[in-house]
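Single-letter residue listing:
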Amino acid sequence: MHNKSYKKAIVFALVLTMLMPLGSIAADDNADKDTEEKVSVTAKADADKEDSDDDEEEVKPITDEEAIALETCEEVASNDNYILYADEENDRLCLYVKASNKYWWTSPINVMADDTILPDKGKTMNPAARKAIASSVAIRVGDLRQEKRTECDLTYSARATSIKYKKESNGVAVTYDYNHRDFKVKFVVHYELQDDNLYVYADSSEVEEKNPNPVDGRVLTKIAICPSFAAAPAKDINGNDVEGYMIVPDGSGSVIKYNNGKSNYKSYTHQVYGRNYTTVTDMAPPVSEQAFLPVLATVSGKSGIVAIASDGDANVTANAQVSGQNNQTYNSCFFEFETRGNDSFYMSGERSIKITVFEKDGKIKGKRFGVKYYPVDKNEDVNYADCAEIYRNYLIENKGLTSKITDNKTNFYVDLFGGVMKTKSIVGVPVSLKTDITGYTEAATIVNKLKDNGIDNIVANYNDWTDYSMKKKVSTEVDPSGTLGDEDEFFDFVNNSGIEVYPSMNNFTMDSGRWGYMTLTSTAIRISSAYSRQSSYSPAFGVAYKGVAPALVAPNVYSKIFDEMTSSYKENDLKTIGFGDYSHKLVSDHSKKDPYSREKTMETVVAGYEKATKEVGSVLADSANAYVIPYVSHITNVPVYSSGYNVTDYDIPFYQMVVHGYVPYSTKPINASSDADQTLMLALAAGSGIHYDMTYQPTSKLKDTDYDDLYYTNYKGWLDVAAEQYKVADEVLSGVANMTISKYEISDDNNTITTTYTDGSKNVEIVIDKAAGTATVDGNVVNLADAMEGGK
C-alpha cells in the first residue's frame with residue numbers, strides 16, 4: 001500500500017516536473033514581454049530625456065523680433081501706443097511699445113537657452129527652475145484635510161494640465177486648468193490692452209474649485225499674476241551684464257539692484273498695507289516699516305515697467321528676487337494675491353498642538369485680482385521719480401487725487417497727548433484715575449512757546465481728549481474731558497490758537513466695552529472663531545504677555561463710528577478731524593453674522609474718509625495707505641527709511657515722490673529717532689515737514705501708564721532744537737511746497753542727495769551734503785550745523 005502510494009507520488013511529481021517548464025516558458029515569455037515593454041518605455045523616456053537635454057543644449061537665444069516672428073506668435077490687440085502679441089504654444093504674451101520699440105514679455109523668451117552659472121552652484125538652472133520662470137501664472141493651494149492643513153509652495157502654470165487662449169475684443173483670455181490628483185483648480189486670466197497700460201486680471205467668479213469641501217477639500221489660497229513679467233536676465237543675449245534696478249514699496253521705498261550678489265539672502269516679500277491685525281501671532285511680529293503703496297517697478301536704462309495692483313490690493317504681497325536667488329538667474333518683481341487667509345491656534349492640554357485653519361466659507365474674498373503694467377520710456381535713464389509720477393497720475397485719474405497745497409509754505413507738525421489712566425493708591429486701594437498730561441491750556445502754552453521761538457505753520461494732532469479715549473473705550477462724541485480743563489478752553493484751543501488743530505479719536509482697539517460698542521458684539525473674530533485680542537509682547541523674548549489684551553474693534557461697526565464722529569464734529573462746528581490708526585491698519589472679521597474681508601473693510605474706510613472730507617472739512621492721517629491719500633489734507637509719520645532687508649541696496653523716498661506737491665506730509669517724530677541728525681537730513685532731501693511728539697507734564701508722570709513709551713516728549717527740552725530745525729527746513733523747502741519731485745539722485749558714496757522739483761515751468765535743485773552738513777538750494781548754501789545735535 002505504502003509502495004503504491006509512494007509510486008503514485010513519484011509519478012505525480014514527474015508529471016509536474018514535465019509540465020512546469022511549459023508553464024515557466026510561458027511565464028518567462030510573458031515576463032520577457034513585460035520587461036521588454038518596460039525597457040522600451042524606459043528607453044523611450046530616457047531617449048526623450050536625452051533628446052530634451054540635447055534640445056536644451058541646442059537651444060539658441062533669439063531676439064525679440066525673432067520671437068515675435070515665430071509662427072506660434074500672433075497679434076491679438078493694438079492701439080495708438082502698443083501692440084499685444086500672444087504665443088499660446090509657449091504660454092507668453094508681449095507688450096510692444098511703438099514709441100520706444102521696446103518689447104515687454106510676460107515671461108523671458110530665452111529662459112531655456114540661459115547658460116548663466118548659478119552662484120555657489122557651479123551649474124546652470126535646472127529644468128524645473130526654467131519652467132517656473134517661463135510660467136505666466138502661479139498658484140498656491142490649501143489642503144483642508146484635518147491631518148494635513150497645509151499650503152503648498154507656488155505651483156506654476158508649467159504644471160497646468162491645459163492652457164487655452166481665447167481672443168477677446170482688446171486682448172486675450174487664458175484658461176488655466178490644474179487637474180491634478182491632489183487638487184483640481186481652473187481659472188481664467190484676462191490680458192486687456194488699454195490706452196496707457198496692459199491690464200491683467202482674474203475674476204473670482206471664473207474660478208472653479210472641484211472640491212472645496214471643508215472636511216477633505218483643496219482650495220485656491222493664492223494666485224501670482226505674471227511672476228516673471230519684464231524679468232531681467234543676469235546677462236543679455238550678447239553675454240553682457242544687464243544693469244538695472246527694482247523699486248519695492250518698503251517704508252519710504254527701497255531699491256534692489258539687478259545682480260547685486262545677494263543670492264544667499266531671502267528674496268523680498270512684504271504684505272501691502274501691513275499685516276492683518278485680526279490674526280494674532282503667538283510671537284511678536286517682525287519689526288519692519290509698512291508697505292503703504294501697491295506699486296512695484298523694474299527699470300533698465302531708458303525703459304521700465306511700473307506695476308500697480310489695481311484690484312485686490314487689500315490682500316496682496318509684493319515680491320522681488322535677484323539673479324542667483326531661489327536657484328534661478330533672473331531679476332524680477334511681482335504681486336501675489338491672497339484668495340483665502342489662514343490662522344493658527346493651539347489645542348489645550350499638556351502638550352499643545354498648533355492647528356492651522358483656512359477660511360472655508362466657500363467663497364473667495366475679493367471680486368477681482370488685477371495688475372496694471374505701465375511702460376515708462378525716457379530720452380535719458382529712467383529715474384525713480386519717473387516711476388513715482390506714473391503712480392501719482394494713476395491716483396489722479398483713477399482715485400480722484402487733487403492737490404491740497406494752498407500756500408507755498410513749510411509746515412511744522414506736533415502730536416500732543418491729552419490724558420491717560422494712571423493707577424493711584426487711595427486709602428491703600430489701587431484706583432485707576434484719569435490723569436492730565438497735556439490739558440487744553442497747556443497745549444495752548446506749548447503752541448505759543450513754539451511760536452515765540454519762530455515756528456510758524458503749526459499743524460497739531462491732539463490725542464486722548466475725551467474720557468472714553470483715556471479709558472480706551474470707543475469714543476465718537478465731541479465731549480471734551482473735564483480732567484483736561486473746561487469745554488470752552490478746548491474749543492478756544494482748537495478754533496482760536498492760530499494754527500491747524502486736529503482733535504483725533506483712535507478707535508482701532510478698546511480695552512473694555514460701553515453701550516453701543518460691547519466687546520461681546522463689537523470685537524473682530526479670527527478665522528479660528530476666537531476673539532481677536534491685540535497682544536503686547538515682551539521686548540526681551542518676544543512672547544505675548546498673559547492677561548486680557550485689548551479687543552480689536554470689528555470693522556462691521558466702522559460705518560457707525562464714522563457716522564457718529566462726523567455728525568458730532570459737524571454739530572460742534574469743528575472743521576478738522578482725525579481717525580487715528582484707521583488710515584494705515586487694515587483688518588478682516590470672520591464672524592458668521594456679518595463677515596468683513598480686508599477689501600470690504602478698505603471700502604468702508606474709504607467711504608468714511610470721503611464722508612468726513614465732505615461734511616467736516618480737513619482730515620489728518622496718522623500715516624496713510626494708498627487708498628486714503630486722496631481724502632486727507634495732511635499725512636504724518638511718513639518714514640524716511642525702509643525696513644532694511646538684506647536683499648535691498650538703499651532707500652529712496654518713493655512715497656514722498658508720489659505725494660509731494662499734492663498732500664503735505666511729515667516725518668516720524670524726530671525726537672523719537674535714534675539718529676535725529678540723519679532723520680533731519682533725509683527729511684530735507686525728501687521734501688518732508690518736521691514732526692515732534694510733545695507733552696506738558698514732567699515725564700515722571702507718565703511712569704506706569706500707557707504713555708510709558710513717550711518718555712522723550714516733555715516740550716521744554718525740545719523747543720530750541722525744534723526751532724532751529726524748522727528754521728532750516730523752512731529756508732530749504734518753503735519755495736518748493738507746491739512742486740512735484742521730478743528727479744532724485746544719490747551719489748556713489750551715499751553722502752550727497754540731489755532732489756529736483758518742478759512746477760512745469762521751472763525747476764529747483766536742492767542738494768543735501770550729509771558729510772558737510774549743508775543744504776544747497778539753487779546754489780545758495782544753508783548750514784545745518786545749528787539744527788543738528790552733532791553740529792552742537
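Residues numbered from 1 in each chain as written. Predicted model: local features only at pLDDT ≥ 70, side-chain atom pairs only at ≥ 80, totals over all residues. Heavy atoms only, no water.

Whenever I open this one, unusual backbone geometry confuses me. Can you help?
Note: most residues except glycine have negative phi, and most peptide bonds are trans. Of note, the phi angle at Asn101 is positive, near 60°, even though the residue is not glycine. Topologically, Asn101 is positioned in the loop between β3 (92–97) and β4 (102–105). In this model, Asn259 sits at a positive phi of 50°, which is unusual for a non-glycine residue. Mapped onto the secondary structure, Asn259 falls in the loop between β16 (254–257) and β17 (268–271). (Helix = DSSP H or I, 4+ residues; strand = E, 2+ residues; numbered from the N terminus.)

Just checking my understanding: could you explain helix α11 (residues 676–685) for this structure?
Owing to its 3.6 residues per turn, the α-helix brings residues three or four apart onto one side. Within α11, nine of the 10 residues are buried, which leaves the element mostly enclosed by the surrounding structure. Buried residues along α11 sit against β36 (690–694), α12 (719–733), β37 (740–746), β38 (752–758) and β39 (763–769). At the C-terminal side of α11, Gly687 shows a positive phi close to 65°. (Buried < 20%, exposed > 50% of the residue type's maximum accessible area, 1.4 Å probe, protein only. Contact = heavy atoms within 4.5 Å.)

Would you mind showing me how to read the packing of aromatic side chains here?
One pair of aromatic rings is described through two measures. These are the centre distance and the angle between the planes. Under the defined criterion, the tally for this structure stands at 31 aromatic pairs. Arranged with centres 4.7 Å apart and planes meeting at 40°, the rings of Tyr96 and Tyr103 form a pair that is tilted. We note that Tyr96, like Tyr103, is buried. Relative to Tyr712, the ring of Tyr711 lies with its centre 5.5 Å away and its plane at 85°, an arrangement referred to as edge-to-face. The exposure class assigned to Tyr711 is exposed, which follows from its relative accessible area of 60%. In this structure an aromatic cluster arises from ring pairing among Tyr440, Tyr462, Trp465, Phe490, Phe491 and Phe493. Positioned above the aromatic ring of Tyr201, the side-chain terminus of Arg368 is 3.9 Å from the ring centre. (Phe/Tyr/Trp six-rings, centres within 6.5 Å; stacked < 30°, edge-to-face > 60°. Lys NZ or Arg CZ within 6 Å of the ring centre and 35° of its normal.)

Where do I start with the sheet that holds strand β32 (residues 576–578) in this structure?
Hydrogen bonds along the backbone pair up the strands of a sheet, which may run parallel or antiparallel. On the basis of which strands lie adjacent, the open sheet formed by three strands has the order β32-β33-β34 and parallel pairing. Sheet topology places β32 and β34 (634–636) at the edges, where each strand pairs with a single neighbour. Averaged over all neighbouring strand pairs, the angle between strand axes comes to 20°, with direction disregarded. Pairing geometry for strand β33 (residues 618–622) and β34, over three bridges, is parallel. Across the sheet, Asp622 pairs through a bridge with Thr636, a residue of β34. (Pairing = 2+ DSSP bridges. Axes fitted to C-alpha atoms, helices over the stretch in contact; angles between N-to-C directions.)

Would you mind showing me how to read the pairing of β38 here?
Consecutive side chains along a regular strand alternate between the two faces of the sheet. The buried fraction of β38 amounts to six of the seven residues, a majority that puts the element mostly inside the structure. Relative to β38, β37 runs antiparallel, the two sharing six bridges. Bridged to Ile746 within β38 is Ile753. Following β37, the chain reverses through five residues before pairing antiparallel with β38; Asn750 in that reversal takes a positive phi of roughly 65°.

Looking at this model, I keep getting lost on the side chain of His691. Mind explaining?
Note on placement: His691 falls in strand β36. Of the polar contacts made by the side chain of His691, one reaches the side chain of Asp415; its length is 2.9 Å. Only 2.9 Å separates the side chain of His691 from the backbone oxygen of Thr667, close enough to count as a polar contact. Once residues lying within four places of it in the same chain are set aside, the contact partners of His691 are Tyr413, Val414, Asp415, Thr636, Asn637, Ser666, Thr667, Lys668, Pro669 and Ile670. (Polar contact = N/O pair within 3.5 Å; in protein donor to acceptor, adjacent residues only side chain to side chain.)

Just checking my understanding: could you explain the packing of helix α5 (residues 440–452) against helix α7 (residues 487–496) for this structure?
Each pair of packed helices can be summarised by the angle the axes make with each other and by the distance between the axes. Interaxial distance between α5 and α7 falls to 8 Å at its minimum, and their mutual angle equals 25°. Here α7 runs roughly parallel to α5, going by the angle between their axes. Between α5 and α7 lies a crossing of left-handed hand. Of α7, the residues touching α5 (which contributes Tyr440, Thr441, Ala443, Ala444 and Val447) are Glu489, Phe490 and Phe493. (Parallel < 35°, antiparallel > 145°, perpendicular 65-115°, else oblique. Left-handed = near helix turned anticlockwise from the far one by under 90°.)

Honestly, α12 in this entry has me stumped. Any pointers?
Between its terminal C-alpha atoms α12 stretches 21 Å, which fits the 21 Å expected from 15 residues at 1.5 Å a residue. Taken residue by residue, α12 has Leu719, Val721, Ala722, Ala723, Gln725, Tyr726, Val728, Ala729, Val732 and Leu733 as its buried positions. (Expected span 1.5 Å × (residues − 1).)

In this structure, what is going on with the pattern of salt bridges? I would like to understand it.
Pairing is possible between side chains of opposite charge, provided their charged atoms come close. Going through the model one piece at a time under the given rule, you end up with 22 salt bridges. Salt-bridge contacts for Asp573 lead to Lys575; the nearest nitrogen and oxygen are separated by 3.3 Å. Classification of Asp573 as partly exposed rests on a relative accessible area of 49%. (Salt bridge = Lys/Arg side-chain N within 4 Å of Asp/Glu carboxyl O.)

Any chance you could explain the sheet that holds strand β28 (residues 458–463) here in plain terms?
The strand order across the open sheet formed by four strands is β29-β28-β25-β36, and the pairing between neighbours is parallel. In the strand order of this sheet, the two ends are held by β29 (500–503) and β36, each with one partner. Within this sheet the neighbouring strands show an average axis-to-axis angle of 20°, counted without direction. In the sheet, strand β25 (residues 412–417) pairs with β28 via six bridges, with the strands oriented parallel. Across the sheet, Phe417 pairs through a bridge with Asn463, a residue of β28. Against the sheet, α5 makes contact with β25, β28 and β36, and its axis sits at roughly 160° relative to β28, the strand it touches most.

Looking at this structure, I do not really get the side chain of Lys770. What am I missing?
Positionally, Lys770 belongs in the loop between β39 and β40 (774–777). It turns out Lys770 is buried and unbridged, and the closest side chain with the opposite charge, Asp749, is 8.2 Å from it. The residues contacting Lys770, other than those within four sequence positions of it, are Gln678, Met681, Asn750, Asn751 and Ile753. (Lys, Arg positive; Asp, Glu negative; His and termini not counted.)

Interpretation in functional terms is not warranted from these geometric data alone.
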